[in-house]
Amino acid sequence: MSLPYEIVCGLEVHVELSTATKMFCRCINDPFHAAEANLHVCPVCLGLPGALPVPNQEAMRRVILLGKALGGTSPELARFDRKHYTYPDLPKGYQITQMQAPFVNGGRIELLDAQGEVESTVRVHHIHLEEDAGKLQHRDGKSLVDLNRAGVPLVEMVLEPDCSSAAQARRVFQEMQQLVRHLGIATADMEKGEMRADVNISIRFTHDGEEVWTPVTEVKNVNSSRAVERAIETEAQRLYDEWLAGGSVRTRKAKITVGWDEDSQSVNMQRAKEGAADYRYLPEPDLPPVRTSGELDPSLMVLPELPNEFRRRFLKDGVESKLVELFLGDPELRGSLERFVGGGIAAGEVAKWLANVPGTAALPTETLAALVAHTSAGTVSLSAVKPFVPELAAYTGELDAWLRERHLLLEHDTLAVAQAITEVFATNPDAVASARAGEARLAGFLVGQVLKRVGKAGIPAKVQEQVREALQS
Ligand SMILES: [Zn+2]
């Protein structure tokens, strides 16, 4: 379905880093599993007077690594800033974040097609590191505050408004989740609120020959990839409908900020706020600038193979795109794939076995290699051997003997096949005549008849070969 307008949207993706401790103190960073509220707190994350922050080096390493993976650059000196606002989940009255000199500038996310070619690119504006706020719970007319999450390291990736569809934005969000997991810097579990996005949406269209570009709506705290897609679809349509109906979107200049209501899967207009807040940013006086190159051990800054490199490598080796994604998302399965491929088995075959045959991952490499050789030669049928594979892992004897015992090994008996061909040809003279006249469908029918007669004494590929020779004689 084509829309009467063009979507222009950008994401700000927030991810909590899974470091052992919080961003500026030694409190445990595990708000989700804390046994009770306000358990992992100290004078620093409570914002008590006189407490001084100390930056978490591991968190800084992780954000710089993420920037490297996205092709961004880090300034020689990164700085922290204070952002002031008053909210009960932020006892200090300000958040330590980065504004002037974030850890990463630039970079890009490339979305690949099924052949491994770049389908679209979304630019990264910058990536900064900040501390998360606490959490409020509203019940029985009261508001309760839990500061276990206050001070948890939070990465914010600010992307350029390069997405032109809701589906593309959804993929970008998923791609970011995959990347941070792949780098081992965050678990990014959306259910636990470890990853969320603010989505900026605007639409562009032509009306009475004039180009219309609506002001932006920012939808805050969208907490799943599905919700990202849904928020963009519904808000873009709402902007269009409101414009047609002559609503305030025609005259408003500033961006509005609204909430995302997960229960109704819609934008919460009651929360609409217009205009930019004045956060009175100032350089954080309690923290010196961070020298990004000098303070980190270079050996810890080496990137692993990135998701897109992995994709290209295996797509080129003939692994289906769907399976490549399956392996990418499952480190254990990916480990098995690498082990077998490293042992010399064709990637396409390994992927097919691992994805479809339970028990494959536990096989010794040489066993899988022998099985693949059999199925390729037609001497073992994949579907026939499949249920027996789990018991093969513990078997130490000779594979062919094992296969023979279970009647899984097809052995080609040329004489028996020739006999069967004579019989089949004699009972199907019309089919033989048509096949000789070049009808491939009937040649296939004859092969099927011969296979039926010979059972396990004929290997399909060889039977086909013999039938073709018989048809030519
Ligand atoms: Zn603390």
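Here, the structure is the one placed above.
Cut-off values and rules
Residues numbered from 1 in each chain as written. Predicted model: local features only at pLDDT ≥ 70, side-chain atom pairs only at ≥ 80, totals over all residues. Heavy atoms only, no water. Helix = DSSP H or I, 4+ residues; strand = E, 2+ residues; numbered from the N terminus. Rg over C-alpha atoms; globule rule 2.2 N^0.38 Å. Buried < 20%, exposed > 50% of the residue type's maximum accessible area, 1.4 Å probe, protein only. Areas by Shrake-Rupley, 256 points an atom, 1.4 Å probe, with all protein chains shown as cover. Lys, Arg positive; Asp, Glu negative; His and termini not counted. Charge placed at Lys NZ, Arg CZ, Asp CG, Glu CD. Contact = heavy atoms within 4.5 Å. Phe/Tyr/Trp six-rings, centres within 6.5 Å; stacked < 30°, edge-to-face > 60°. Lys NZ or Arg CZ within 6 Å of the ring centre and 35° of its normal. 1 Å grid on protein atoms, 1.4 Å probe; cavity = no way out; pocket = protein on both sides within 12 Å on 5 of 7 lines; lining within 4 Å. Points joined across faces, edges and corners; volume = space filled by probe spheres on them. Nonpolar A, V, L, I, M, F, W, Y, C, P; charged D, E, K, R; others polar. Salt bridge = Lys/Arg side-chain N within 4 Å of Asp/Glu carboxyl O.

Draft legend 1. Seen up close, the overall build of the protein chain. Helix and strand content of the protein chain: 16 helices and 17 strands. Computed over the C-alpha atoms, the radius of gyration of the protein chain is 31 Å, more than 25% above the 23 Å expected from 2.2 N^0.38 for a compact globule of 473 residues. Projecting the C-alpha coordinates of the protein chain onto the three principal axes gives extents of approximately 95 × 65 × 50 Å. Expressed as a percentage of the 473 residues in the protein chain, the buried residues total 46%. Entry remark: accessible area of the protein chain is about 23,600 Å², with carbon and sulfur atoms responsible for 51%. In the protein chain, 51 positive and 65 negative side-chain charges are present, and the distance between their average locations comes to 1 Å.

Draft legend 2. Just the side chain of Glu229, in detail. The topology assignment puts Glu229 in helix H4 (residues 225-244). What makes Glu229 buried here is its relative accessible area of 17%. Setting aside chain neighbours within four positions, we find Glu229 in contact with Ala166, Ala167 and Arg170.

Draft legend 3. Main features of the packing of aromatic side chains. Counted under the stated rule, the structure contains 10 aromatic pairs. Ring centres of Phe24 and Phe80 lie 5.4 Å apart, and the angle between their planes is 80°; on these two criteria the pair is classed as edge-to-face. Of this pair, Phe24 sits in the loop between strand S1 (6-16) and helix H1 (43-46) while Phe80 sits in the loop between strand S2 (77-78) and strand S3 (81-84), and the two are 56 residues apart along the sequence. Residue classification places Phe24 among the buried residues on the basis of a relative accessible area of 4%. Where Phe310 meets Phe314, the ring centres are 4.7 Å apart and the plane angle is 50°; that geometry is what we call tilted. Of the two residues, Phe310 and Phe314 are both situated in helix H5 (residues 307-316); the distance of 4 residues between them amounts to about one turn of the helix. Like Phe310, the residue Phe314 is buried in the burial classification. Members of the aromatic cluster, connected to one another through ring pairs, are Tyr5, Phe205, Tyr240 and Trp243. In this arrangement the basic side chain of Arg82 is found over the ring face of Tyr94, its NZ or CZ atom lying 4.0 Å from the centre. Cation over ring: Arg250 sits above Trp243, and NZ or CZ is 3.9 Å from the ring centre.

Draft legend 4. Just empty space enclosed by the protein, in detail. Scanning all chains against the criterion turns up 1 cavity of 30 Å³ or more. Looking at the largest cavity, its volume works out to about 50 Å³. Every residue along the wall of the largest cavity is listed here: Cys45, Leu90, Pro91, Lys92, Glu131, Asp132, Ala150 and Gly151. For the lining of the largest cavity, the per-class residue count stands at 4 nonpolar, 1 polar and 3 charged.

Draft legend 5. A look at the pattern of salt bridges. Scanning all chains against the criterion turns up 32 salt bridges. Linking Arg149 and Asp132 is a salt bridge whose minimum nitrogen-to-oxygen distance equals 3.4 Å. Of the two residues, Arg149 is situated in the loop between strand S9 (142-146) and strand S10 (153-159) and Asp132 in the loop between strand S7 (118-131) and strand S8 (135-139); the sequence distance between them amounts to 17 residues. Residue Arg149 shares its accessibility class with Asp132, and that shared class is buried. The salt bridge partner of Asp198 is Lys220, with a shortest N-O separation of 3.3 Å. In this pair, Asp198 is assigned in strand S11 (residues 195-207) and Lys220 in strand S13 (residues 217-222), connecting sequence segments 22 residues apart.

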